[in-house]
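Structural overview for review
The lines below spell out each chain.
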Amino acid sequence: MSYLRVSRVAFGSMVALLFLSHQPPAAAASQENKADSSEQAESVSSKLFQDEVLPILKAHCVRCHGPAVATRQLKLNTLEGVLGGSESGAILVPGSPGKSKLYEMVSQGFMPADKPGSVSSDDVATIRRWIETVTVAASELGAARDATPVTENEVVALMWMHCTPCHGPHLQEAGLDLRTRASMLEGGKSGPAIAPGNPDRSLIVEKIRAGEMPPPERYQEAGTPPVPKAGLEKLAAWIEQGAPPEETKPDVGPLESDPLVSDQEREFWAFQPPKRATPPAVASSDLVHNPIDAFLLRKLEEKGLTLSPEADPFTLIRRAYLDLTGLPPEPEEVERFLADHDPKAYENLINRLLESPRYGERWGRYWLDVAGYREHPYAWRYRDYVIRSFNADKPYDRFLDEQIAGDELLDYENAPVITEEMMDNLVATGFLRMAVDDTGNRATNFLPDRFQVVADEVQIFSSAVLGLTLQCARCHDHKFDPLPQRDYYRLLAVFQGAYDPYDWIPPTFSDDPERKMLYFDTRVMPSVTPRTNPIKLAEERKQAEAHNKELDREIETLEAALKQKAEPLKKRLVEQRLAELPEDLHDDLRKMLATPPEERNEFQKQLAEKFGKRLELVGNHLEAVLRKMDPEYKRAAEETERRVALLKARKHPEPKIRALWDRGEPAPMYVLRRGDPMSPGQRVGPGVPAVLVNGKAPFVVSPPPGVKKTGRRLALARWLTQPDHPLTARVMVNHIWKRHFGEGIVSTLDDFGRMGARPTHPELLDWLATKFVRQGWSSKAMHRLMMTSRAYRQASKVKPEHKTRDPENKLLSRMPLRRMDAEALYDSVLLVAGRLDETRFGPPDPVQVLENGLATSIEKETGWRRSVYVRQRYKRSAVPTLLDNFDYPELSPNCISRNEATVAPQALHLMNDSMIRGLAASFAARVKREAGNDRTRQVERVFWIALSRPPTAEERKIGVAKLAQLSAAWARKSLPSNENTETRALVTFCHTILNSAAFIYVD
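Residues numbered from 1 in each chain as written. Predicted model: local features only at pLDDT ≥ 70, side-chain atom pairs only at ≥ 80, totals over all residues. Heavy atoms only, no water.

Attention now goes to the overall build of the chain. In terms of regular secondary structure, the chain is built from 40 helices and 8 strands. Among the 1003 residues that make up the chain, the fraction classed as buried is 53%. Across the chain, every contact between residues at least 6 apart in sequence was considered, and the portion connecting residues at least 24 apart equals 70%. A total accessible area of about 45,100 Å² is found for the chain, and carbon and sulfur atoms account for 53% of it. (Helix = DSSP H or I, 4+ residues; strand = E, 2+ residues; numbered from the N terminus. Buried < 20%, exposed > 50% of the residue type's maximum accessible area, 1.4 Å probe, protein only. Contact = heavy atoms within 4.5 Å. Areas by Shrake-Rupley, 256 points an atom, 1.4 Å probe, with all protein chains shown as cover.)

Structure follows, in C-alpha cells:
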C-alpha cells in the first residue's frame, strides 16, 4: 500500500460522512440543516473576501506578502495564504477581529510598513466585517497550513541540513548526490533516491524511516543530526505530490526599489550619500586654521561661545605624541620642538610622528579592536599586516578590499610565483576569521554552531565598517531600522562562498581516510598546489626547523638542570614519608621504589598497591610541594619557567596563515525562521541592505572569469568603497575623530541607525567623509587635518560658561581631558623606565600568571615589547593584569568603543604591583644615570621624562623636600646591602610620579 497523506480537512469530512450515515433521520436532518447554514456562512465569507478584502490586500500588502516576496513566510494573495498565517503563527482568529494580528496591524496603522496608515478607515472596517463572518475552525486553520504544497526548495533545504555531508559537493557515498531534484532522480549505485508519487518505494524515505541515514554512529563526525519526524513527513509529502520541480529563483532583490524598504525610510540622514557642505562664515575668523574650525565655531557662536585658548607647547607635544604613537616624547624631543621657531614647526612635528613606525602600532591597535582580534593560531600575521598597512598609509578603500576579498583580488592558485602582494591579500582576510570558532571540536560542529560563527563575523563586519546593528535582523525584521530579516540572510549569502554552514570546513586540520569524511581541508591555510603555496613554505619551513631544534636543545638543557636540582629534594621527601611508616619496611619500600613497575616481584607489587600512593612522587602537586620545601629551588624553578617560556616564544611557528578563501560553489541560503538554523524558509541570494541600494551604489556580483570564485565578497568590497556610499567613509572618519577628540561626531560608533545618536555636527561629518574620499582614502591626511585644526590645539580648562552652555562638551568648546588607555599606560611606563624593547612583529610574547593571581608578560634581557605584541585575550587565556584593570577590550565578538571606568583596582595595581615597582626602580636608575646625585636635577629629570615638561618652582621645591624626607625615612629601616637610602628614596619618588594623574591623563 502506498503512503497516503490525508489532510486534516479531508479527514474531518470523512468522519462527518460516516457519522451522518449512522444518525437517525431526524438527527441527520438537523445535522444537514446545520451543515447548510455553515456552508451558506462560509460562502458569504468567501465571497466577501474575494470581492472586497482581497482587492484591499493586493493594493496594500501583497507587494511584501505575496508570491514574489513572502516576508516572514506570509502570503496574503489567497485565502489559503491568509488562513495559513506567517512563520510566527496564525494572523486570523475567526470571529474575533480584536484578537487577529491582521486587523491589529492595519487598524493601528503599523502596516503596510512602507506606507504606514495608508489603509483607509472604510477598508479597515471591511476587513473587520469580514473577520467577524469567518467561521473556520481552529483545526481547519492548522489544516490549511498543512495542506500547503511542499516545494522542492523545502526538500533541498532538508537535504543540505542532514544529508549532503555524505552525499554532497565533496563526498558522494554510493555515488549518490542529494543536492538537487535532478540528482535525486538520477540516484546512485542502488538506483534513484526518490520515486515520484510513491514515498514507500523511495529509497531515501526507506533509509530515513529505518534510522539508517544519517548513520547514528556518524552524527558527530558529520555534524549532522537525524532527520526529524516533521522533516520526513515533508519529504514524503513532496514525493507523493510527484516531486514537482520549482521554478522560483533565489530572492536577490532589485537594484533600486524594494517593497520592504520605502523611499521615506531611505531619506534618513545615514542612508543618504554624504553631501559636501561649504564651510560657513564665522565671526571669529582669526581662529579658523582649517574648515573644521569653521564648522565648530558656527555652533559655538550660536551659544555665545568660542574656542578655548591654545594649549601651551608642552601640552601640545605630549598630546600629539600620545595620540599618534601611544608613547610620550623623550625630553630631547620636547626641547627640539621648543627650539624650532619655524611657523610650521607644529605641522612638521605631526608629519614626523606620522612617519614613525610607532604610529602603526598605535592606530593598528584601534583597528584590531573593531576587528575583534584574538590570539588564534597564526593570527599574529594579521596583526602585523594591520600595523604595516597603517604605517604605509594604505588607502582605506584598498585596506577594505584586501580584508573582505583579498583571496579574490589576484589569482594566487594559478600564479607561477606567489608574490608578496598575494601573500598580503590572503593574510588580510584574517579580518573575517577573528570570531571564536569551536567547530574544530566535533561536539560543537553542528549547524547552529556554524551559523553562530558566521553571525559573529557578520556582526564584526557590519559594526566596524557599516556602523549598523545588522545582527538585530537575524531572527526578525529590525525593530527600528529598515533592515528586513531577508537582508541579513542576503548578506550571509555574500560570505557563503567561503563561510558555508552547509558545507563547512573546520578551523583545524582533520583527515579521516577510513571514512573519507568532509574534513579533508582546513581554513588555516588555503588549499593550493605545492607549486604555488601562498607562503614561501619550503625555505621558511627549513629555516624554522633548524632554528627550533637549537631552541629545543636549550630547553632540554634547562629542564634537565632543574630536574637534577629536584632529585635531592625528592629523596628527602621520600625519607620524610618513610619515617611515617613501620621501620622494618623501609628497606623493602626503597627497593620497590627503585624498581620499575614492570620488573617488580609479587611482594613489591603488594607494597606498591598499599603504600605507593604515599611514596611515589607523581602528580601535578609534586612541583608545588618541592617549591614549598626549598626557597632556593623555587627561585630556580621560576627562572627556568621564565627562560623556557621565552625560548618557546622565540620559536618560529609553522609557516601557515589564518585566511579565508572562496571555494566557488556555495549551498543555497535560506531565511531562518526566528533565526533557527533548523527551520529554513524563503531562499535568498547574495545582496546588501536594500536601504543602502538606491541605484547610485548598486551591488552587482560578477564572478571572475577563469577561476573558481563566486566574486560575491569582491562585489561587496567594491560596493562599499564607491565614493558616494552612504556609510563607509562616514564611519571611518567618525572613528578617527573619536580617537582625537574623545567622542565621535556620532557618539554611537557602531549604530548610525535610528536608535543611534544623531551627529552633533552633521555638515562637518559629511565634509570630512567627502574629503577623506577626495584625498585618496588616506588616514594620515585625516590625522593632519584634524590635528592641525585650532580646535585640536585648544586647552582643556573648563570655564564657568562652559558648564552652563556646553556642559558635556558636545560643541567642543575645550579639549577634553582624557585618561591614557590601557596600552598607552603600559607602554609609557616601559618607555620612561628605559625598559621598552622595540622589536617589532612576529609571534606574541607569552604571559605568565604569578602565584598572587596577577598576570604579566615575561621580561626579556632587553625588557618588554609593546603591549600590541603581547599575547591577546582568547577564550580563557590571561592578559596582563595592568591592561585588564585599565579597560582592556572585552570582545563580544569585537569592541567598537571601550568602556572607561575609574575603579579602585587601577590605583591599587599601580601602587602595589611588583612589575610596576620594578619599573619604578629602573626609572630611578635612569634618572640617576642622567642627572647624577643632585636632588634638584633628579626632580627636574623625573618631570622631563615622565611628564614631558620641567617642574614648576613649587613642584621643584616640594620634590626636593620629599626626596630628603624619604631618604631620612628609609635610613630608619633596614635595607639590603646593595641599596642605599638615596636610591630607595628616588625609587619611591619615581613610583609616586607614575601613580600621579599628571602622568596617567592626557591634557
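Considering only enclosed or pocket space, the second largest pocket measures out at about 1,100 Å³ in volume. Looking at the second largest pocket, it is lined by 37 residues, and the ones nearest its centre are R72, M105, M111, A113 and D477. Broken down by element, the lining of the second largest pocket gets its largest block of residues, 4 residues, from helix α4 (residues 101–107). Looking at the lining of the second largest pocket, its residues break down into 19 nonpolar, 10 polar and 8 charged. (1 Å grid on protein atoms, 1.4 Å probe; cavity = no way out; pocket = protein on both sides within 12 Å on 5 of 7 lines; lining within 4 Å. Points joined across faces, edges and corners; volume = space filled by probe spheres on them. Nonpolar A, V, L, I, M, F, W, Y, C, P; charged D, E, K, R; others polar.)

Glancing now at the packing of helix α19 (residues 396–409) against helix α28 (residues 712–720). Angle between the axes and distance between the axes: these two values describe a pair of packed helices. Running from amino to carboxyl end, α19 crosses α28 at an angle of 140 degrees, the nearest separation of the two axes being 8 Å. Here α19 is positioned oblique relative to α28, judged by the angle of their axes. When the axes of α19 and α28 are compared, the crossing they make is left-handed. Contacts between α19 and α28 involve D401, I404, A405, D407, E408 and L409 on the former and, on the latter, R712, R713, L714, L716, A717, R718 and L720. Of the residues belonging to the contact of α19 with α28, the class tally is 7 nonpolar, no polar and 6 charged. (Axes fitted to C-alpha atoms, helices over the stretch in contact; angles between N-to-C directions. Parallel < 35°, antiparallel > 145°, perpendicular 65-115°, else oblique. Left-handed = near helix turned anticlockwise from the far one by under 90°.)

For helix α15 (residues 331–339), the full list of buried residues reads P331, V334 and F337. Each buried residue of α15 lies within a common arc of 125 degrees when the element is viewed along its axis, so the set occupies one face. Where α15 is buried, its residues meet α14 (313–325), α16 (345–354), α36 (914–931) and α37 (935–947). (Arc of directions from axis to C-beta.)

In this section: empty space enclosed by the protein. Taken as a whole and assessed by the stated rule, the structure comprises 9 cavities of 30 Å³ or more. One number sums up the size of the largest cavity: a volume of about 120 Å³. In terms of lining, the largest cavity is formed by Y359, W363, Y366, W367, V370, F390, M732, H735, I736, R739, S779 and H783. Residue assignment for the lining of the largest cavity shows that the elements contributing at least two residues are α17 (357–370), α29 (728–741) and α31 (779–787).

A complete count under the given rule lists 0 disulfides for this structure. Of all cysteine sulfurs in the structure, the one in C166 sits closest to C163, which takes part in no disulfide; the separation is 8.6 Å. (Disulfide = S-S within 2.5 Å.)

To continue, consider the pattern of salt bridges. All told, the structure shown has 59 salt bridges when counted by the stated rule. Between E823 and R898 there is a salt bridge; the shortest N-O distance is 2.8 Å. Placement of E823 in helix α33 (residues 822–832) and of R898 in the loop between α34 (881–885) and α35 (904–912) is noted, with a sequence separation of 75 residues between them. We note that E823, like R898, is buried. For D845, the salt bridge identified is with K860, shortest N-O distance 3.7 Å. Here the residue D845 occupies a position in the loop between β4 (836–837) and β5 (847–849), and K860 occupies one in the loop between β6 (855–857) and β7 (864–865), the gap between them amounting to 15 residues. Where salt bridges share partners, they join R358, E361, D827, E838, R840 and R866 into one cluster. (Salt bridge = Lys/Arg side-chain N within 4 Å of Asp/Glu carboxyl O.)

In terms of nonpolar packing, the biggest core is built from 143 residues, with W367, Y382, L716, W737 and L768 touching the most fellow members. Here the element with the most residues in this core is helix α21 (residues 447–466); it accounts for 11 residues. In contact with L768, not counting residues within four places along its chain, are I292, V733, W737, I745, M782, L785 and M786. Counting 49 residues, the second largest nonpolar core, distinct from the first, contains W864, L883, A946 and I1000. (Core = buried A, V, L, I, M, F, W, Y, C linked by side-chain atoms within 4.5 Å.)

To describe a pair of aromatic rings, you give the distance between the ring centres and the angle between the ring planes. One pass over the structure, following the stated rule, counts 26 aromatic pairs. Each residue in the set W367, Y382, Y385, F390, Y396, F399, F431, F772 and W777 is aromatic and connected to the rest through ring pairs, giving one cluster. The ring of F841 has R388 sitting right over it, with the charged end atom 3.9 Å from the ring centre. Directly above the ring of Y366 sits R739, whose terminal nitrogen or CZ lies 4.3 Å from the centroid. (Phe/Tyr/Trp six-rings, centres within 6.5 Å; stacked < 30°, edge-to-face > 60°. Lys NZ or Arg CZ within 6 Å of the ring centre and 35° of its normal.)

It is worth spelling out the side chain of D827 at this point. Summarising the element assignment, D827 is placed in helix α33. Using a relative accessible area of 2% as the deciding quantity, one classes D827 as buried. Sequence-distant contacts of D827, defined by excluding residues within four places in its chain, comprise G326, L327, R866 and S867.

Glancing now at the environment of F611. Considering the arrangement of structural elements, one finds F611 in helix α25 (residues 602–615). Spatially, the C-alpha atom of F611 lies 8.3 Å from that of L589, the residues being 22 residues apart in sequence. If near-sequence neighbours (up to four positions away) are discounted, F611 is found in contact with L581, L585 and L589.

Our next topic: the confidence of the model for the chain. Averaged over the chain, the pLDDT score is 86; the fraction of residues at 70 or greater is 89%. Note on residues 1–32: pLDDT under 50 across the span, and 23 contacts to partners over four residues away in sequence or across chains. Every residue in residues 509–535 is under pLDDT 50, and counting partners more than four places away or in other chains gives 95 contacts. (pLDDT = per-residue confidence, 0-100.)

Mapping N734 onto the fold places it in helix α29. Its relative accessible area of 0% is what places N734 among the buried residues. Among all residues touching N734, those that are not within four sequence positions of it are G744, I745, V746, L749, F752 and L765.

Once that is clear, we can look at the packing of α16 against α31. Closest axis-to-axis distance for the α16/α31 pair is 11 Å, and the angle between their directions is 150 degrees. Of the possible angle classes, the one that applies to α16 and α31 is roughly antiparallel. Both α16 and α31 take part in a crossing whose hand is right-handed. Only K780, H783, R784 and M787 of α31 make contact with α16, whose side of the interface consists of Y346, I350, N351 and L354. When grouped by side-chain class, the residues that make up the contact of α16 with α31 number 4 nonpolar, 2 polar and 2 charged.

The end-to-end C-alpha separation of helix α38 (residues 953–971) is 27 Å, in line with the 27 Å expected for 19 residues at 1.5 Å each. All buried positions along α38 are accounted for by G959, L963, S967 and W970. Relative to the axis of α38, the buried residues are bounded by an arc of 75 degrees and lie together on one face. Looking at α38, the residues exposed on the side facing more than 90 degrees away from the buried face are A953, E954 and K957. Buried positions along α38 lie against α37 and α39 (981–994). (Expected span 1.5 Å × (residues − 1).)

This paragraph deals with the pairing of strand β2 (residues 680–684). Burial of β2 is extensive: 4 of the 5 residues sit out of reach of the surface. Taken together, the 3 bridges between strand β1 (residues 669–672) and β2 define a ladder with antiparallel strand orientation. Counted as the bridge partner of Y670 is R683 from β2. (Pairing = 2+ DSSP bridges.)

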